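# Report on the structure
The chain contents come next:
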Amino acid sequence: MRMAAVGLIAGMALGFAGYFGGFGAFLLVAALGAVGFVVGRFLEGDLEAGEFFRTRTRDDRRR
C-alpha cells in the first residue's frame, strides 16, 4: 500500500474519532496509531529493541 493511502486512512480515522467521539477519542486513536506504527516498524526489522534502551554517549548529546 502506498504511503499516501496509509496517510489518508489514518487521517480519516482520526477525523471520525474526533467528530464522533470528541477530543479524548481523537487522542486515543492518535496514541494507538503511533504505537501501531512503532510495532509495525519493529516487525519489519527497521527498528531494534535496543534502540529504545541504549544509553546516550557524549557524542549523542551534542546533536
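Bear in mind that the values here come from a model prediction, so they are computed numbers and not experimental data.

## Description of the overall build of the protein
Across its full length, the protein holds 3 helices and 0 strands. Ordering the α and β elements of the protein from the N terminus gives α-α-α. Residues counted as buried form 3% of the 63 residues belonging to the protein. Surface summary for the protein: the accessible area is close to 5,700 Å², and the carbon and sulfur share equals 66%.

## What about the packing of aromatic side chains?
Counting across every chain of the model gives 3 aromatic pairs. With 4.9 Å between their ring centres and 85 degrees between their planes, Y19 and F20 make a pair best called edge-to-face. The two residues Y19 and F20 agree in class, both being exposed. With 6.1 Å between their ring centres and 20 degrees between their planes, F23 and F26 make a pair best called stacked. Of this pair, F23 and F26 both sit in helix α1 (residues 3-44), 3 residues apart, roughly one helical turn.

## A short note on the environment of A25
Mapped onto the elements, A25 comes out in helix α1. Separated by 11 residues in the primary sequence, A25 and L14 place their C-alpha atoms 8.5 Å from one another.

## A word on the confidence of the model for the protein
For the protein, the mean per-residue pLDDT works out to 80, and 89% of the residues sit at or above 70. Taking the mean pLDDT of every element in the protein, the minimum, 63, falls on helix α3 (residues 58-61) and the maximum, 85, on α1.

## Some remarks on the layout of surface pockets
Each pocket or cavity is described by its volume, and for the largest pocket that value is around 160 Å³. Lining the largest pocket are M3, V6, G33, G36, F37, G40 and R41.

Analysis parameters
Residues numbered from 1 in each chain as written. Predicted model: local features only at pLDDT ≥ 70, side-chain atom pairs only at ≥ 80, totals over all residues. Heavy atoms only, no water. Helix = DSSP H or I, 4+ residues; strand = E, 2+ residues; numbered from the N terminus. Buried < 20%, exposed > 50% of the residue type's maximum accessible area, 1.4 Å probe, protein only. Areas by Shrake-Rupley, 256 points an atom, 1.4 Å probe, with all protein chains shown as cover. Phe/Tyr/Trp six-rings, centres within 6.5 Å; stacked < 30°, edge-to-face > 60°. pLDDT = per-residue confidence, 0-100. 1 Å grid on protein atoms, 1.4 Å probe; cavity = no way out; pocket = protein on both sides within 12 Å on 5 of 7 lines; lining within 4 Å. Points joined across faces, edges and corners; volume = space filled by probe spheres on them.

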